[in-house]
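Listed here are the chains, written in short residue letters.
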Amino acid sequence: MFKKILIANRGEIACRVIKTAKKMGILTVAVYSDADKDARHVELADEAVHIGASPSRESYLQADRIIAACQQTGAEAVHPGYGFLSENEAFARKVEEEGIAFIGPKHYSIAAMGDKIASKKLANEAKVNTIPGWNDAIETAERAVEIAKDVGYPVMIKASAGGGGKGLRVAYNDKDAFDGFTSCRNEARNSFGDDRVFIEKFVEEPRHIEIQVLGDSHGNVIYLNERECSIQRRHQKVIEEAPSPFISEATRKAMGEQAVALAKAVNYQSAGTVEFVVGKDQSFYFLEMNTRLQVEHPVTEAITGLDLVELMIRVAAGEKLPLAQQDVKRDGWAIECRINAEDPFRNFLPSTGRLVRFQPPKETMFSADTRHLYGIRVDTGVYDGGEIPMFYDSMIAKLIVHGRDRAHAIALMREALNGFVIRGISSNIPFQAALLAHPKFVSGEFNTGFIAEHYGKGFHAEDVPHDDPDFLVALAAFMHRRYRARASGISGQLEGHGVKVGEQFVVVVLDDEGEHVHKRVSVTDFHGQTGSSAVAVGDRNYKIDSKASLGSIRVEGNVNGRAFIAQVERGAGKNPLSLRVSHNGTQIEGLVLSPLGARLLKLMPFKAPPDLSKFLMSPMPGLLVEVSVKPGQQVQAGEKLAVIEAMKMENVLFATQDGVVASIVAAKGESLSVDQVIMEFA
C-alpha cells in the first residue's frame, strides 16, 4: 500500500480523498493556487505545495508542476479527483512514465472513452446498446440535414469533444439541423479546439441513468447498481439518487451487464461510470463513459456500504477487488443535493465572496464507516468564514442523505436543507427545497426536461408554497417572545419602564411594495417555561417547544408533537427590527409588534425604493472582462452591453430597453461586487 499520495485537485473532492486516505493511514499532499492558500483541503493535508496563480489554467491544469510536486514530496501516487486533469489521457500517461501510480484508469482506457465517436464504435463492438445515428464526423450542414432525415427527427447534434452542455443542439426539422450543425461546430472549435460533429436520435422523455463500475488489474469488473441523474438544469445535475425510482430489476441487470462488458472491452481498472439515456419504455442507450470518480458517488456508497475512494486506491496499488458481483448490496435509498453558490432568484447567477456563516447540518453517516446507519453526510471543501473564489466552479457542498426508502430519504433531505445555514453569499437551497416538494419529483414521474418544463421562466419565491404558512408567523412570534423574556430579566432597568413580555402581538409580514399583512397572534407559556408555548394565529393553534439558544440561526424543536428545523434571524432583512423566518424553502420577513405598535405602523408612509432603471448594475461578483459600448452610444433592447466572468462562466449583460449610454463607471478588468454600477444611461 502507498505511504503517501498527492491529490491533484481542490475543494470538496480533495477533502473527500484526504478523509479516506487518513482512515487508511496514508499521508496526503495537497496542491494549491494563490486563491486557495487558506483553503480547507490545504489545512487537512499533511503537506501542501503551491503550484501557481489563481486561474486553473495556471495551476490545477499544470501537469508538469503537479508531477514535480510528487517528486518533491515523495508521493507515490496521484488521485486526480474529478474535473481538471482527471480525464486527461496525456497527464495519466506522463504520471505512469514517471513511475508514479495514477489512482484512476490506465491512460489507454481514458483515451478510448474520451472521444465520443470512438467510444460509440467501441460500445457497438462490445454489444452495448447505442442510439441510432451517424457516428462519423459530418463535413457540411447540407450533409447533416440528409443524415438527420435518415435517422428521423428529432435528432441531437453533438460535438465529439463536447461536455458540460457545450456543443449540443436538438433539431426537430431541416432548418434546426442546418443551423444547429453550424452553431455546434463553431462552439466546439472555440471551446475544445475540435470541430468534429455527429448526429444521433433524440430520445423523447429521456431519463439520465448511470451505472457505477469498478475494475481491477486482475480482470475483475463489477457494477455497483445505478444512479438516477435526470434532475438537471442546462445539462448540469442538480439532484442525484440511488437507486432509480424508474427502472425495473430486469433493466437494472441488463444495463449493469452492458456497462461491465464495455469496461472489460477497454481493460478498465478503477472506478468509472457508464452513462445511459433511458426512454419512457425502459429502452436504454449508451451515452458516454466517465473515466473518473463522479461528483455523485456518495449515493452509491450509501446504498452499497462501500468506500469508492478506498477501492480506487487499493486497485491502483495492485490489489484485487474484495467483492464479487453477488456481494454487492442495495440497502435503503440515498439522495444527493448539490449546494451551489448561485442565486436562484436572479436566474442562478454565480455568487462569490465570504461565507459569513457556514453551518451544515450535523453528519450522522459516512459510507463504509457506519454502513447500516441511515442519516446525513456533508462533503465540503469550505468552512465558516472562508472564501468562495470566482475562479472555480460554484459548488459549496454536497448534502447526502440515506433513508430506509425513497419517502424517508426525501423527508430527511428536506429537514437537512432546513438546517443548512449559509450566509454572506446566495445558495440554491430554496430551489432544492422546491424540487423536493414538487409532486412530480415525489412521485418519481420526471425526466431530464423536468426543470425546463416547470421552471422554464426562472425560479420565484411563489414557486415554493408552504403547506402551513401560519407556522412561520407563529414561530416568529414565539422567538420574539423568548427575546422579550430574556430582555425583561436584564438588571438595572428603570423602575416603571422595564421590558414587559406580553402575550398579545401582531406579526406584520413585510412586503416590498408596502402591502404588509397584519396577523394577530397570542403567545402563552406553559407552566411559565419560555421554551414551551401555546401560539394562536387566528383560528390556528400551535404548541411549540424549542430550547434553541437565542442568537443562533438554526432553530430545532417540536410543533404540535412533530419535530421541525427552521432558521430564524434578527435584523437580516431590510428592517433591522424584523425577524426573517425560513422553513421548507419558504421565507418571510416579519415585524413582531404590540397591537398599538401595529396600528401606528399603518399610519407610516411607505418609502418606495429608488428607480434604478437608468443604471446597469452587476448582478453578481465577478471580473468585468468586456465593456461593449461607449459613452454617447445609442443602444437598443437586447444589445450586448458588458461581459462578466465568474466561476468559469462568461455572463453577458444585455440592454433591457432602448437608451443612450451617459457614462461608463466601471473599467474593463475591474473586480465587481453585487449591484455595483457598471454604466449609467441618459
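Residues numbered from 1 in each chain as written. Predicted model: local features only at pLDDT ≥ 70, side-chain atom pairs only at ≥ 80, totals over all residues. Heavy atoms only, no water.

**Re the overall build of the protein**
Alright, step 1. Of the regular secondary structure elements, the protein holds 17 helices and 39 strands.
Alright, step 2. Rg of the C-alpha trace for the protein: 28 Å, near the compact-globule value of 26 Å for 682 residues, within the 12% margin.
Alright, step 3. Considering the protein as a whole, with its 682 residues, one finds that 54% of them fall into the buried category.
Alright, step 4. Counted over contacts in the protein with a minimum sequence separation of 6, partners at least 24 positions apart contribute 63%.
Alright, step 5. Split by element, the accessible area of the protein, about 29600 Å² in all, is 50% carbon and sulfur.
Alright, step 6. Counting 79 positive and 88 negative side-chain charges, the protein places the averaged centre of each group 4 Å from the other. (Helix = DSSP H or I, 4+ residues; strand = E, 2+ residues; numbered from the N terminus. Rg over C-alpha atoms; globule rule 2.2 N^0.38 Å. Buried < 20%, exposed > 50% of the residue type's maximum accessible area, 1.4 Å probe, protein only. Contact = heavy atoms within 4.5 Å. Areas by Shrake-Rupley, 256 points an atom, 1.4 Å probe, with all protein chains shown as cover. Lys, Arg positive; Asp, Glu negative; His and termini not counted. Charge placed at Lys NZ, Arg CZ, Asp CG, Glu CD.)

**Digging into the nonpolar core**
Alright, step 1. The biggest cluster of nonpolar side chains holds 40 residues, and the ones touching the most others in it are Ile 231, Ile 239, Ile 339, Ile 396, Leu 399, Ile 422 and Leu 435.
Alright, step 2. Taken together, the elements giving at least two residues each to this core come down to strand S12 (236–242), strand S15 (333–340), strand S20 (375–380), strand S22 (395–403), helix H12 (406–418), helix H13 (429–437) and helix H15 (450–454).
Alright, step 3. Not counting the four nearest positions on each side in its chain, Ile 422 is found in contact with Ile 339, Leu 355, Arg 357, Phe 358, Ile 396, Ser 427 and Ile 429.
Alright, step 4. Residues Ile 26, Leu 308, Val 315 and Val 328 belong to the second largest nonpolar core, which totals 33 residues. (Core = buried A, V, L, I, M, F, W, Y, C linked by side-chain atoms within 4.5 Å.)

**Topic: the confidence of the model for the protein**
Alright, step 1. Looking at the protein, pLDDT values average 92 and 98% of them are 70 or higher.
Alright, step 2. Note that pLDDT drops below 50 for residues 367–371; the model gives that stretch 14 contacts with residues more than four away or on any other chain. (pLDDT = per-residue confidence, 0-100.)

**Some remarks on the packing of helix H7 (residues 141–151) against helix H8 (residues 174–192)**
Alright, step 1. In contact at an axis separation of 8 Å, H7 and H8 are set at 135° when each is read in the N-to-C sense. Looking at the two axes, H7 sits oblique to H8. Judged by the twist between their axes, the crossing of H7 over H8 is right-handed. Contacts between H7 and H8 involve Ala 141, Glu 142, Ala 144, Val 145, Ala 148 and Lys 149 on the former and, on the latter, Asp 174, Ala 177, Phe 178, Phe 181 and Thr 182. (Axes fitted to C-alpha atoms, helices over the stretch in contact; angles between N-to-C directions. Parallel < 35°, antiparallel > 145°, perpendicular 65-115°, else oblique. Left-handed = near helix turned anticlockwise from the far one by under 90°.)

**Structural notes on the environment of Ile 644**
Alright, step 1. Along the polypeptide, Ile 644 turns up in strand S35 (residues 640–646).
Alright, step 2. Taking the C-alpha atoms as reference points, Ile 644 and Glu 125, 519 residues apart in sequence, are found 46 Å from one another.

**Quick look at unusual backbone geometry**
Alright, step 1. A cis amide bond links Tyr 153 with the next residue in sequence, Pro 154, at an omega value of -5°.
Alright, step 2. By the element assignment, Pro 154 lies in the loop between H7 and strand S7 (155–163).
Alright, step 3. Between Ala 242 and the following residue, Pro 243, the backbone shows a cis peptide bond with an omega angle of 0°.
Alright, step 4. With respect to the secondary-structure elements, Pro 243 resides in the loop between S12 and helix H9 (249–265).
Alright, step 5. Despite not being glycine, Phe 84 shows a phi value in the positive range, around 45°.
Alright, step 6. The backbone of Phe 348 shows a phi angle near 65°, a positive value even though the residue is not glycine.
Alright, step 7. With respect to the helices and strands, the residue Phe 348 is situated in the loop between strand S16 (342–343) and strand S17 (349–350).

**Overview of the side chain of Asp 525**
Alright, step 1. The residue Asp 525 is located in strand S25 (residues 517–526) in this model.
Alright, step 2. Of note is the side chain of Asp 525, whose polar atom sits 2.6 Å from the side chain of Arg 481.
Alright, step 3. At 2.7 Å, the side chain of Asp 525 forms a polar contact with the side chain of Ser 533. (Polar contact = N/O pair within 3.5 Å; in protein donor to acceptor, adjacent residues only side chain to side chain.)

**Here's the deal with the pairing of strand S31 (residues 586–593)**
Alright, step 1. Of all the eight residues making up S31, six are buried; the element is thus mostly covered by neighbouring parts of the structure.
Alright, step 2. Relative to S31, strand S24 (residues 504–509) is paired through four bridges, and the arrangement is antiparallel. Each bridged residue has a counterpart across the sheet, and for Val 508 the counterpart in S31 is Leu 591.
Alright, step 3. Pairing between strand S30 (residues 579–583) and S31: five bridges, direction antiparallel. In the strand pairing of S31, Val 581 is matched with Ile 588.
Alright, step 4. Where S30 hands over to S31, the hairpin turn is made up of two residues, of which Asn 584 adopts a positive phi near 55°. (Pairing = 2+ DSSP bridges.)

**Section: the sheet that holds strand S37 (residues 659–664)**
Alright, step 1. An order of S32-S39-S37-S34 is seen for the four strands of this open sheet, with the pairing classed as antiparallel. The open sheet has two edge strands, strand S32 (615–617) and strand S34 (634–635), and neither has a second partner.
Alright, step 2. Across three bridges, S37 lies against strand S39 (residues 677–681) in antiparallel orientation. Considered in S39, the bridge of Val 661 is made with Phe 681.

**Comments concerning the pattern of salt bridges**
Alright, step 1. In this structure the tally under the stated criterion is 51 salt bridges.
Alright, step 2. The partner of Glu 89 in a salt bridge is Arg 93, and the shortest N-O contact between them spans 2.3 Å. A residue pair is termed a helical-turn pair when its members lie 3 or 4 positions apart in one helix, as Glu 89 and Arg 93 do in helix H4 (residues 89–97) at four residues.
Alright, step 3. Using a relative accessible area of 31% as the deciding quantity, one classes Arg 93 as partly exposed.
Alright, step 4. Across the pair Arg 354 and Glu 387 runs a salt bridge, and its minimum N-O distance is 3.0 Å. Here the residue Arg 354 occupies a position in strand S18 (residues 353–354), and Glu 387 occupies one in strand S21 (residues 387–388), the gap between them amounting to 33 residues.
Alright, step 5. Taking relative accessible area as the criterion, Arg 354 reaches 47% and is therefore assigned partly exposed.
Alright, step 6. Connected through shared salt-bridge partners, Arg 16, Lys 23, Glu 301, Asp 307, Glu 310, Arg 314, Glu 319, Arg 377 and Asp 379 make up one network. (Salt bridge = Lys/Arg side-chain N within 4 Å of Asp/Glu carboxyl O.)

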